[in-house]
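This is what each chain is made of:
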Amino acid sequence: MKTDKYIKNYINGELVDPIPNEYLDNYNPATGEVYSYIPNSDERDVELAVAAAKKAFPEWSRQPIAFRWGLLNRIADLIYQNLDLLAAAESEDNGKPVNLARTVDIPRAVENFRFFASAIKHFSSESHHMTSGAINYTLRRPLGAVACISPWNLPLYLFTWKIAPALAIGNTVVAKPSEVTPMTAYLLSKICIEAGLPPGVLNIVHGLGRKVGEAMVLSKEIKAISFTGGTETGKKIASLAAPLFKKMSLELGGKNPTLIFADCDFDRMIQTVLRSSFSNQGQICLCGSRILVQESLYERFKLAFLEKASLLRIGDPQSPDTQVGAVVSKEHQEKILSYIELAKEEGGRILLGGGIPEVNKRCSNGYFVEPTIIEGLDDHCRSNQEEIFGPVVSIAPFTDEEDALRKANASEYGLASSIWTENLSRAHKLAESIETGIVWINCWMLRDLRTPFGGMKNSGMGREGGWEVLRFFTEPKNVCIKYR
Ligand code: NDP
């Protein structure tokens, strides 16, 4: 298996050129150079993919569970066997440290296939006995052809988080990775061919969101949309899909608070908060970008955090020692830097970073941003409200629990939070009142696939985990039998 200069669509079991025969440049963000080309597909490619998915559905959905289980595990095996290739490709596409791709992104993609392959073996639906002498049972059938649209920050991991459950329960899929990071999705198509996935069961169409993504959303044959991406794109998709009464799961942006109380385990906290701030250059929807620290601990935290963040090794993402790589694109680098300027205008003091670091020769034209720590921002200013999605965090003190909660909830987003305290009652109380779909206490980004995942408020809808994800991809029907 290898990467290719010209990426192809995967439609009806074959790797094919896009109908318009046009390609987009694919940049390596660490070097700023074009290293491959992405199909600039259009509605016609989507139509072919949807037709293939529709045709494959009856047979795929009728296959015995053991058959689907076997194929999904075979795909997982092949991803694992190609771990190094996939990690290098993801790092080259995205700018993330290869070590992060190798230890987090790709293993979690393997786990997505393994988990849902196993979950269908244990999936059950409900039955309700009525005293009047009737039984209701819920028949759950797969929906048909569904669309999966994913972002660039955790390319293969989030792509497979959608595809694996949809296929496992018997749907066929038309999927679009972000056009910014297409290579691992392309390698996945090769893996599916090698695994023997029947033609049309999974189709991958590359190209621009506004063209390919919208055509998928609007297609009459697409029964559900599973989308992860920005809140504005989520709104657009919802506005297109709602009048067509399609099922939707929208996993959107975040501006996550980290609450640090004076009684926390300081050493454990500081190591993890460093990760929750700057992992993947801050480009994880779950990163904590608003750090709130109890007054009495504030100065100690500030000193330790600044020192540790200043020691992070920024560099060539392909080097195994690198901790901070490139951000995903030039446009994104400019967006992050403009938010840092805005933060200054809004009264923020830059305590660390704020600019472009010097990186070795191979990466001298790459898109890097220094880990940046800002102090003095008002809770309601734009740079503390809008998602920057880069290695940029604000720190601020709070007085007590009530103040911490007020500040944490002062956001239109509600994806994730982390709370650092050794006081168990306080932790539970805050977990109940904080307005986020995920609450981590004394940890960050621990992920159990059986739990609901997703956000409140503007961070999305359709929070799912385990069975719920499988249920999302089914049509429930109530059957009532009167026996007396
Ligand atoms: P975008 O919303 O820009 O894009 C996401 C996907 O949607 C891409 O494949 C994109 O294609 C496609 N798309 C864009 N416009 C449309 C459209 N009109 N119709 C259909 N599809 C479209 O997000 P980013 O890729 O920039 O990802 C970053 C965002 O994702 C952040 O806001 C982050 O918080 C969020 N995210 C949320 C997560 C969660 O679980 N809640 C997890 C990870 C990220 P193209 O690339 O061609 O534009």
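Report on the packing of helix H4 (residues 98-122) against helix H5 (residues 155-168), specifying residues and quantitative values.
Between H4 and H5, the least distance of the axes is 8 Å, while the angle of their chain directions is 10°. By the criterion of interaxial angle, the relationship of H4 to H5 is roughly parallel. For the pair H4 and H5, contact is made by Asp105, Ile106, Arg108, Ala109, Asn112, Phe113, Phe116 and Ile120 and by Pro155, Leu156, Tyr157, Thr160, Trp161, Ala164, Pro165 and Ala168, respectively. Among the residues making up the contact of H4 with H5, the classes are represented as 12 nonpolar, two polar and two charged.

Give me the site of the ligand: which residues, what numbers.
Neighbouring the ligand are 31 residues; Glu179, Thr233, Leu252, Cys285 and Glu387 lie closest to it. In the model, an oxygen atom of the ligand is placed 3.0 Å from a nitrogen or oxygen of the serine 178 side chain. Isolated, the ligand exposes 900 Å² of accessible area, and the fraction of that covered by the protein chains is 89%. Going through the elements one at a time, helix H7 (209-218), strand E10 (222-228) and helix H8 (231-241) are the ones with two or more residues in the shell around the ligand. Residue classes in the shell around the ligand are distributed as 13 nonpolar, 12 polar and six charged.

A description of the packing of helix H2 (residues 65-81) against H4 should follow, citing residues and the corresponding values.
Close contact between H2 and H4 brings their axes to 9 Å; oriented N to C, the two are set at 170°. It follows from the interaxial angle that H2 and H4 lie roughly antiparallel. Where H2 approaches H4, its residues Ile65, Arg68, Trp69, Leu72, Asn73, Ile75, Ala76, Asp77, Ile79 and Tyr80 are matched on the opposing element by Ile106, Val110, Phe113, Arg114, Ala117, Ser118, Ile120 and Lys121. Here the contact of H2 with H4 is built from residues that sort into 12 nonpolar, two polar and four charged.

Any chance you could break down unusual backbone geometry for me, citing the residues and the numbers?
At glutamine 281, a residue that is not glycine, the phi angle is positive and equals roughly 60°. Structurally, the position occupied by glutamine 281 is in the loop between helix H9 (266-278) and strand E13 (288-294). Given a relative accessible area of 0%, glutamine 281 falls into the buried group. The residue methionine 445 is not glycine, and still its phi comes out positive at about 60°. Residue position: methionine 445 is located in the loop between strand E19 (438-441) and strand E20 (456-457).

Give a description of the nonpolar core that names residues and reports values.
General note: in soluble globular proteins, nonpolar side chains tend to be found buried as a group. Judged by nonpolar contacts, the single largest core of 77 residues is most densely connected at Ile75, Ile79, Leu188, Leu202 and Leu286. Broken down by element, the residue count for this core peaks at 11 residues, all from H4. Looking at which domains feed residues into this core, each of domain 1 (9-252 + 459-480) and domain 2 (256-448) gives three or more. Sequence-distant contacts of leucine 202, that is, excluding residues within four places in its chain, are made with Tyr10, Ile163, Leu167, Val173, Ala175, Leu188, Cys192 and Leu197. Core analysis: the second largest hydrophobic core is formed by 25 residues, Val46, Ala52, Ala147 and Ala215 among them.

Which residues make up helix H6 (residues 183-195), and what values do they have?
Counted at 1.5 Å a residue, the expected span for H6 with its 13 residues is 18 Å, and the 18 Å between its end C-alpha atoms agrees. With 11 of 13 residues buried, H6 is to be regarded as a mostly interior element. Every buried residue belonging to H6 is among Met183, Thr184, Ala185, Tyr186, Leu187, Leu188, Ser189, Lys190, Ile191, Cys192 and Ala195, and all of these are buried.

Describe the sheet that holds strand E6 (residues 134-142), with residues and values.
Spatially, three strands are ordered E5-E6-E22 in an open sheet, and the strand pairing comes out antiparallel. Of all the strands in the sheet, the pair left with one neighbour each is strand E5 (127-130) and strand E22 (474-482). Mean inter-strand twist for the sheet, computed between neighbouring axes without regard to direction, equals 20°. Across four bridges, the pairing between E5 and E6 is antiparallel. Bridge pairing in E6 places methionine 130 opposite alanine 134.

Residues and numbers for the domain arrangement of the protein, please.
The assigned domain composition of the protein is domain 1 (9-252 + 459-480) and domain 2 (256-448). In this structure, domain 1 and domain 2 have C-alpha centres spaced 30 Å apart. Overall, the association of domain 1 and domain 2 removes approximately 2,300 Å² of surface from exposure, summing both partners, and the carbon and sulfur fraction of that is 56%. Counting every contact that joins domain 1 to domain 2 gives zero salt bridges. Where domain 1 meets domain 2, there are 10 residue pairs in polar contact (both at pLDDT 80 or more).

An account of helix H13 (residues 401-408) is requested, with residue identities and associated values reported.
Every buried residue of H13 is listed here: Asp403, Ala404, Lys407 and Ala408. The buried residues of H13 occupy one face: seen down the axis, they fall within an arc of 130°. Buried residues belonging to H13 abut strand E12 (256-260), E13 and strand E16 (392-398).

Calculation rules
Residues numbered from 1 in each chain as written. Predicted model: local features only at pLDDT ≥ 70, side-chain atom pairs only at ≥ 80, totals over all residues. Heavy atoms only, no water. Axes fitted to C-alpha atoms, helices over the stretch in contact; angles between N-to-C directions. Helix = DSSP H or I, 4+ residues; strand = E, 2+ residues; numbered from the N terminus. Parallel < 35°, antiparallel > 145°, perpendicular 65-115°, else oblique. Contact = heavy atoms within 4.5 Å. Nonpolar A, V, L, I, M, F, W, Y, C, P; charged D, E, K, R; others polar. Near = heavy atom within 4 Å. Polar contact = N/O pair within 3.5 Å; in protein donor to acceptor, adjacent residues only side chain to side chain. Areas by Shrake-Rupley, 256 points an atom, 1.4 Å probe, with all protein chains shown as cover. Buried < 20%, exposed > 50% of the residue type's maximum accessible area, 1.4 Å probe, protein only. Core = buried A, V, L, I, M, F, W, Y, C linked by side-chain atoms within 4.5 Å. Domains from an automatic or database assignment. Expected span 1.5 Å × (residues − 1). Pairing = 2+ DSSP bridges. Buried area = accessible area lost by both parts, 1.4 Å probe. Salt bridge = Lys/Arg side-chain N within 4 Å of Asp/Glu carboxyl O. Arc of directions from axis to C-beta.

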